[in-house]
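Next come the chains, spelled out residue by residue.
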Amino acid sequence: MSMSGHSPSQCYQAVRRHIRPHYDSIWITDSFLSSAFERYAATLRTGARHGSSVPGPMEHRKRLAKRHMGDLHFGQSHSAAPIWDLANLVDLSQWQWKPPTPPAARRQKTASTSELRTISDTVLSPLRSFLPYRLDKSVDPEPEDELLPHDVVLTSVADLSTFWGADSSPADIISAGLIALSQDVLNNTRDATRFSRFCDSWQQALIEGEFHGGEVCHVLTGLIGGLSGKPFGTLAPRSAEQKKLLLLQATIEGIAQRESDENVPSDHLAWNGILSGVGKIQLNTLRVFTRAMACVPEGDVKLVAPGILDNLYSYLDGLGRANKRPTFARQAAKMAVPLKGVGGSNLRFISDLATRKILQDATIESSTYTNIRYGWLLLLARLPGMEVDYLAQVCVALEARQPAEPLSELEICQILLVWANSRTPLELYTRLYNTLDTHGTKCYRALGARLWETRQFHRITPFIKFLHIIGRENAIGLLAQGVVNTQRGGAVSLANMALGMRRPRAAIEILCLYEESRKCESRFWESRLGFKALERLVWTPDFNHRRLLVSLGITPTRNSPTRHYHYQLRADKARRRLSSHQISRVAAVGAVVGLSPHLSKRQAFFFITSCYRHLREHYSRASAPLVRALIHNVTRSLSNGEPGITTRLRYVLFIIRKELGDAAYQDALLAIGSRREANIKRLRNEGSDMRYRQFF
């Protein structure tokens with residue numbers, strides 16, 4: 001093809017476009033222009049190939065292996081003779097095997113002889129692939145006319161897949177990476193094939209253990225900084241971030257697949273650099289962050305705290321840009337996976353610094369702040385080992401910032417459910433969580449009712465502590481009110497009475513005991529849990545015992561049965577017989593009320609005998625707990641060293657004989673008599689002026 005149609009000016013412009021298509025212009029010499037023109041003309045004369053004339057990395061190795069195998073090259077120059085010429089074969093007797101150089105020696109040699117190349121040299125080095133080989137060495141350019149430095153070796157694109165060893169420095173890795181990036185930019189390759197091959201080589205070098213700690217951080221800083229520089233300013237922001245992410249992924253896999261040695265400490269410097277790099281990428285890097293944290297040993301989590309904080313700050317910035325509430329819960333669930341080891345007390349400083357960052361950031365608007373606060377509390381609630389006290393303290397600190405609004409009922413209930421589920425999985429958790437959205441301002445009542453229906457009301461105990469710390473005392477009563485409004489029977493009436501006395505915590509405890517009793521075979525009023533629930537309600541100084549007895553249908557009267565040895569039932573009113581459940585309830589109330597430490601002996605005796613008369617009026621026998629409580633009441637003075645009241649003792653002996661039999665009556669009579677005689681003898685020896693005969 002004739003070249004007469006091309007002018008030198010057109011060729012000059014073509015060369016400039018080919019070398020630097022969309023960068024700032026560079027100055028080139030006339031000798032460089034003429035050599036490029038000659039090379040262009042030679043290519044046209046020999047015929048153009050439909051495709052790249054530069055072989056790929058695999059083709060380059062294949063050709064190089066063929067040459068070595070055909071020529072048996074052992075440090076000698078290539079022979080011009082064909083490979084079948086046996087006369088020109090290399091004398092193998094002259095070859096001697098040498099052992100490989102130890103890694104320590106190669107590192108020492110590299111440290112003493114290697115010279116670092118600058119980033120500008122690295123960016124310009126791809127241009128050497130377009131330079132022709134100079135045949136005429138008589139005319140050398142002047143020093144100021146040099147385009148590339150002498151220490152940069154002219155390489156082709158095929159040399160970018162080189163594997164590095166101990167003799168390679170971090171600057172060599174940075175140079176190779178920037179070369180690969182520049183080639184991808186110059187060729188407008190969207191897939192970054194050359195940089196991908198570079199990342200594969202970098203990963204293999206890390207697997208072989210060639211680079212550690214500060215060297216890895218140096219390489220990551222250089223390459224990420226180079227991607228952010230002017231030479232790669234034409235890259236789309238997303239494309240640049242994807243290349244950074246590709247580099248970090250290769251680094252993570254390389255260190256993770258490295259053989260572990262118990263005698264060698266873990267590379268926390270490298271992991272900290274990786275985590276910091278991941279946190280600064282403007283993409284969704286939760287998957288990469290999760291993979292990196294899974295590779296960090298548990299003992300080194302504290303050492304990589306700066307890198308973890310960078311990712312937390314990035315997570316908080318993402319919460320400020322989110323608008324939908326389901327997004328917060330979903331992102332918090334994903335972020336809690338890599339941070340599962342950060343909830344302990346020894347790493348509490350990480351969450352403290354993140355909370356301080358939220359409080360001190362004055363650029364956060366009010367609407368954005370509520371979203372960030374809610375998302376951060378959800379994340380803390382999901383962390384294993386997070387205590388409810390600390391969660392409540394963080395909530396108080398975040399609510400104290402003005403002019404932010406307080407947390408709503410829905411937000412608090414969702415945070416509590418998430419925290420409880422992270423401690424021990426809740427049954428039907430998804431149903432419980434979704435139910436709250438449909439109840440508006442009645443979330444506390446709905447939460448209490450749903451937990452009761454699923455028999456998980458005992459999980460509500462830590463909620464009381466949380467609500468008390470954040471100052472939501474009314475919410476405690478609303479949790480119990482949700483159960484009282486939907487349930488009847490059992491201990492629900494006791495809980496309702498506690499709510500009427502403004503004792504919401506007692507109502508919660510009574511309902512928890514009642515729920516626990518439903519798992520047992522015995523009835524609530526006959527079990528230890530029933531007596532404990534009554535104690536929680538009754539044993540207070542300001543409790544109205546008469547109201548409790550009236551609620552059970554018992555009418556306390558002043559007609560004391562102690563004046564009669566035989567109590568006659570009133571025959572003018574026909575009374576129906578009580579059920580076993582009612583008998584157990586009356587007996588339990590009488591026993592607990594009679595043993596109350598806040599009642600005098602006379603008051604306790606009155607309430608116990610009222611319960612006993614109620615049972616006798618309905619043709620029912622008193623149970624053993626009620627009889628024991630009555631005995632304890634009248635013999636309390638005997639245990640204190642007093643003789644006791646004779647009329648009450650005789651009445652108790654009558655009840656024992658009637659309810660328990662003659663044998664129990666004889667035993668109780670002998671025990672009471674011996675105890676009274678001992679007390680009277682002791683008082684007589686002390687010289688007391690008491691009239692002992694009046695007690696007989």
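Residues numbered from 1 in each chain as written. Predicted model: local features only at pLDDT ≥ 70, side-chain atom pairs only at ≥ 80, totals over all residues. Heavy atoms only, no water.

Novice: Sorry, what's going on with the overall build of the protein chain here?
Specialist: Across its full length, the protein chain carries 31 helices and 0 strands. Within the protein chain, residue pairs in contact and separated by at least 24 positions form 72% of the contacts whose partners lie at least 6 positions apart. Entry remark: accessible area of the protein chain is about 38,700 Å², with carbon and sulfur atoms responsible for 52%. (Helix = DSSP H or I, 4+ residues; strand = E, 2+ residues; numbered from the N terminus. Contact = heavy atoms within 4.5 Å. Areas by Shrake-Rupley, 256 points an atom, 1.4 Å probe, with all protein chains shown as cover.)

Novice: Help me understand the confidence of the model for the protein chain, please; the structure alone is not making it clear to me.
Specialist: Detailed conclusions should not be drawn from predicted coordinates in areas where pLDDT is low. Across the protein chain, the average pLDDT comes to 75, with 72% of residues at or above 70. The model gives residues 71-78 a pLDDT under 50, and that stretch makes 11 contacts with residues more than four places away or in other chains. Segment residues 560-574: pLDDT under 50, and 17 contacts once partners within four positions in sequence are set aside and those in other chains are kept. (pLDDT = per-residue confidence, 0-100.)

Novice: Is there a simple way to think about the packing of helix α19 (residues 443-453) against helix α21 (residues 473-484) in this case?
Specialist: In a packed pair of helices, the relevant descriptors are the angle between the two axes and the axis-to-axis distance. The contact between α19 and α21 brings their axes to 7 Å, and the two run at 50 degrees. Considered as vectors, α19 and α21 are oriented oblique to each other. For the pair α19 and α21, the crossing hand works out as right-handed. In contact with Y444, R445, L447, G448, A449 and W452 of α19, α21 contributes A475, L478, L479, Q481, G482 and V483. A breakdown of the residues in the contact of α19 with α21 according to their chemical character gives 8 nonpolar, 3 polar and 1 charged. (Axes fitted to C-alpha atoms, helices over the stretch in contact; angles between N-to-C directions. Parallel < 35°, antiparallel > 145°, perpendicular 65-115°, else oblique. Left-handed = near helix turned anticlockwise from the far one by under 90°. Nonpolar A, V, L, I, M, F, W, Y, C, P; charged D, E, K, R; others polar.)

Novice: Got a minute to help me understand the packing of helix α13 (residues 325-336) against helix α15 (residues 366-382) in this structure?
Specialist: Running from N to C, α13 and α15 point in directions that differ by 40 degrees, and their axes come no closer than 9 Å. For the pair α13 and α15, the sense of crossing is right-handed. Where α13 abuts α15, its residues R325, F328, A329, A332, A333, M335 and A336 lie against N371, Y374, G375, L378, L379 and R382.

Novice: I tried to follow helix α8 (residues 213-227) on my own but got confused; where do I start?
Specialist: Since the α-helix advances by 3.6 residues per turn, residues separated by three or four positions end up pointing in the same direction. A rise of 1.5 Å per residue sets the reference length of α8, with its 15 residues, at 21 Å; its end C-alpha atoms lie 22 Å apart and thus fit the reference within 8%. Residues of α8 that are buried include every one of G213, V216, V219, L220, G222, L223, G226 and L227, and no others. Buried residues along α8 sit against α6 (170-186), α7 (193-207), α9 (237-256) and α10 (268-279). (Expected span 1.5 Å × (residues − 1). Buried < 20%, exposed > 50% of the residue type's maximum accessible area, 1.4 Å probe, protein only.)

Novice: It is not clear to me how the packing of aromatic side chains should be interpreted in this structure. Could you clarify?
Specialist: The geometry of an aromatic ring pair is captured by the separation of the ring centres together with the interplanar angle, meaning the angle of the planes. For the coordinates displayed, the defined rule picks out 11 aromatic pairs. Between W202 and F211, the ring centres sit 5.5 Å apart and the planes meet at 40 degrees, which makes this aromatic pair tilted. You can call W202 buried: its relative accessible area is 0%. With a centroid separation of 5.9 Å and an interplanar angle of 45 degrees, the aromatic rings of Y429 and Y433 are classed as tilted. One end of the pair, Y429, and the other, Y433, are both in helix α18 (residues 429-435), 4 residues apart, so they sit about a helical turn from each other. Here Y429 matches Y433 in class, with each residue buried. (Phe/Tyr/Trp six-rings, centres within 6.5 Å; stacked < 30°, edge-to-face > 60°.)

Novice: Looking at this model, I keep getting lost on α21. Mind explaining?
Specialist: Counted at 1.5 Å a residue, the expected span for α21 with its 12 residues is 16 Å, and the 18 Å between its end C-alpha atoms agrees. Among the residues of α21, those classed as buried are A475, I476, G477, L479, A480, G482, V483 and V484. On its buried face, α21 is in contact with α19, α20 (461-469), α22 (492-500) and α23 (504-517).

Novice: What am I meant to see in the pattern of salt bridges here?
Specialist: When charged atoms on two side chains of opposite charge get close, those side chains can pair. Overall, the coordinates contain 6 salt bridges when judged by the stated rule. Here R450 ties to E453 by a salt bridge, and the two come within 3.5 Å at their closest N and O atoms. With R450 and E453 both in helix α19, this residue pair falls 3 residues apart, about one helical turn. (Salt bridge = Lys/Arg side-chain N within 4 Å of Asp/Glu carboxyl O.)

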